[in-house]
Amino acid sequence: MKLFIALFLIIGSYNAYSQCPTTLLSEDFNTGPIIGEVGSNLTGPAGPNDDIAYTFDGTPYGWFNVSTGLADVDVYDRHFDACLSSEITISLSMRMSTGAPMDIDLIVKDDFGVTLTTTNVVLGQIYEMHRLTFRLPSTTGFNFIIHSVSAGADAGREIIAEDLLIQMYDNIAPTASSPLPINVSCVADIPVADVAVITDAMDNCSVPTVTFLSDVSDGASCPETITRTYAVTDECGNTLAVTQMITVNDIISPTGSNPSAITVSCASDVPAPDPTVVTDAADNCGVPTVTFISDTSDGDVCNLESISRIYAITDACGNSINVTQIINIEVITPSVDAGLDQALCEGSEVTLTAFNPDGAAISWTPIIADGIAFVPGIGTTNYSVTAAVCGGECIQMDDVDVVVNPLPVVDFFGDNLFDCPEHIVNYTNLSSESFRCSWNFGDGSISNICGPVTHTYNSPGIYDVTLRVESAEGCVAELSRTDYIETLPSPVAAFSFQSSDIDALDPEVNFINESALATDVTWNFGDGSGEVNDINPIHIYPFETGGTYDVELTATNDANCISIAEKSITIKDVVLYYVPNAFTPDNDGFNADFKPVFTSGYDVYDYHLLIFNQYGEVVFESFDSFYGWDGSYGGSGLCQSGVYVWQVDFGLLASDEKKTDRGTFTLLR
């Protein structure tokens, strides 16, 4: 008899999986045709897809016709693709159609022919569910084989398959390595999350995706540790968390330069610490702080002492550097020498001048002025000098003895200390004794007369006068009066005035002082207006009256020495007059007579007025400019109304010139 094995199978290729678990094959043998391997055919008694048992035949793989009853035959050999390391489950419900049980091996082999799992089934007439579970350890493909160990006793029997389900379970998480840890100095240096740092993400079934999950800080600082987590996820949701450790630890010290050295004169001039002198403090992570640490002296106080002032530049992580500012103090202990001991006579001046090469402040005890002559008392006096710099921060001392023997008291005075050349001074010697005398008048002249002496200073200058007196005991006293005599240069008076013509209509004159060596000036303008002391005065002479004036400028210096300059100025006279053109001799008190009215410029003593009637007869004549015609003629009363001719002859005040003028006027009655 013939043996047939019937199965409904969907045979295909699976390279992509979109569900978990993934069904590689599911066949209930009731819904459609079965597609076999290459070279296989599927037919049945009623034709394709009839819902009865099917016979598989054909070579080289698939269902084999076992009607010959041959043993050790692969009844079914089917290849499937799957994911590496995935778990595969094959479930198959099957039975024999009739007859005795049949010995069958269910076998799974990988692509290399290595058996992954196998089970032996003695198949009877009752459906049995058989399940094989295995993993693909080294390949991505496997063959499911149903192997007939023996054909059985009755040929023509059928193997009936009810359900065949092959499923792949991807429960293998993706793989990936943790990215290399990152060490940064500053928070600002932390890179943004970048899934590209996961360079070796792999999955057994698909290309996994990488996503950023979180950054978690440990809350510490310097260093701070941040755990950055990425998720590597496959299509089945299997996830691997990989972490990248980021260490934020600023171990870089801040930077800054030593502040410029400064030099001060004294220790008291050393400025207070000021962190702002560190002008270039910088840090890689932020703004560092600058604090004063200490001042350290080299110990050479008052000997070019040097102070090292240290500032600390510190960043937020405590990284710190020190910078040093050198402060040089120029002061040194001054040198001083009071000089040699001295012996002198009473009343003599002695000058104690400390040798003070360092320019220190000098003070003496008893108090005297350094370098200034003074008269010490009789006896021996010890003078101590102290040289101090920087307000007494550094001092040095020395002393000297001054022995004073009695000596004459020298005194004198001059009677005229302030004058101009040819300056005569009468000196009087008031010394207590005058055994021998010597005068020095300061202008190169000397005298050995002890009694009163007169001296004349011929040149301007300031002169010191010295009288030296020697006593019978040989003690010499000398009195010098510094700047005692002052002989001033004599002033030189000079002036000028405007050169344009000046007349009585505009008698304003600008005077310009051109004096030399004068401190005061006095002007007399020669018109009786009084004196003025302006430097460059403007003077207005009387209006309408010309004339010549003598101007005098007196220049004076501080010694009341004077110089006088004189000049004459002429104000030209201007003739001003008017003649009425009518008059009314009607005894009403207004316009009652006719005459020319002169204002200025004419000679009142050289005046002649004539009035003619229309016939050329003289009806009036006057030699007095203040007397006019009243309109009458002889004893006949007033003349007739009408036009009359006038003529006036007059002399000019400014010259001997004669002027004649004539015209007409109307007499109205």
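Keep in mind that this is a model prediction, so the values were computed, not measured.

Looking at this model, I keep getting lost on the pairing of strand 31 (residues 476–487). Mind explaining?
Of the pairings in the sheet, the one linking strand 25 (residues 418–419) to strand 31 comprises two bridges and is parallel in character. Looking at strand 31, one finds that Asp 419 is bridged to Thr 487. In textbook terms, the turn of a hairpin is the stretch between consecutive antiparallel strands, and for strand 30 (residues 461–470) and strand 31 this stretch comprises five residues, one of which, Gly 474, has a positive phi near 90 degrees.

Hey, could you run me through the side chain of Thr 386 in this one?
Topologically, Thr 386 is positioned in strand 22 (residues 379–389). Excluding its chain neighbours within four sequence positions, the residues that come into contact with Thr 386 are Ala 361, Ile 362, Ser 363, Ile 395, Gln 396 and Met 397.

What is the right way to read the nonpolar core from this model?
Nonpolar side chains tend to gather and get buried jointly when the protein is soluble and globular. Grouped together as the largest cluster of nonpolar side chains are 27 residues, with contacts concentrated most on Leu 352, Trp 364 and Tyr 383. Elements represented by at least two residues in this core include exactly strand 19 (320–329), strand 22 and strand 23 (394–405). Among the nonpolar cores identified, the runner-up in size contains 26 residues, and Ile 88, Met 96, Leu 132 and Ile 146 belong to it.

What is the right way to look at the sheet that holds strand 12 (residues 182–184) in this model?
Strand pairs in the sheet, formed through backbone hydrogen bonds, run parallel or antiparallel to each other. Within the open sheet, the four strands sit side by side as 12-15-14-13. Their pairing is mixed. What marks the edges here is a single partner per strand, and that holds for strand 12 and strand 13 (209–217). This sheet shows a mean twist of 25 degrees between the axes of neighbouring strands, independent of strand direction. In this structure, strand 13 lies alongside strand 14 (residues 224–233), joined through eight bridges in antiparallel fashion. Note on strand 14: the bridge partner recorded for Ser 214 is Thr 229.

What is the right way to read the environment of Leu 517 from this model?
With respect to the helices and strands, Leu 517 occurs in the loop between strand 33 (508–513) and strand 34 (520–524). A relative accessible area of 52% means that Leu 517 is categorised as exposed. Spatially, the C-alpha atom of Leu 517 lies 8.7 Å from that of Ala 493, the residues being 24 residues apart in sequence. When residues no more than four places from it in sequence are discounted, the contact partners of Leu 517 are Pro 489, Ser 490, Pro 491 and Asn 557.

Conventions we followed
- Residue numbers restart at each chain and count upward from 1, following the sequence in its written direction.
- With the structure being a predicted model, the display of local features is reserved for residues of pLDDT at least 70 and the display and counting of side-chain atom pairs for 80 or more, all residues being used for whole-chain, interface and lining totals.
- Derived side-chain values reflect all non-hydrogen atoms in the structure, with water molecules and hydrogen atoms excluded from consideration.
- Any two strands with at least two DSSP bridges between them are considered paired.
- Where helices and strands are cited, they refer to DSSP runs of H or I of at least four residues and of E of at least two residues respectively, numbered from the N terminus.
- Contacts between residues were defined by any pair of non-hydrogen atoms, one from each residue, lying within 4.5 Å.
- In these notes, a set of buried Ala, Val, Leu, Ile, Met, Phe, Trp, Tyr and Cys residues joined through side-chain atoms within 4.5 Å is what counts as a nonpolar core.
- Only protein chains enter the area calculation, which uses a 1.4 Å probe; residues under 20% of their type maximum are buried, those over 50% are exposed, and those in between are partly exposed.
- Only the stretch in contact is used when fitting a helix axis, every axis being a line fitted to C-alpha atoms; angles between N-to-C directions are given from 0 to 180 degrees.

In short, shape yes, function no, at least from these values alone.
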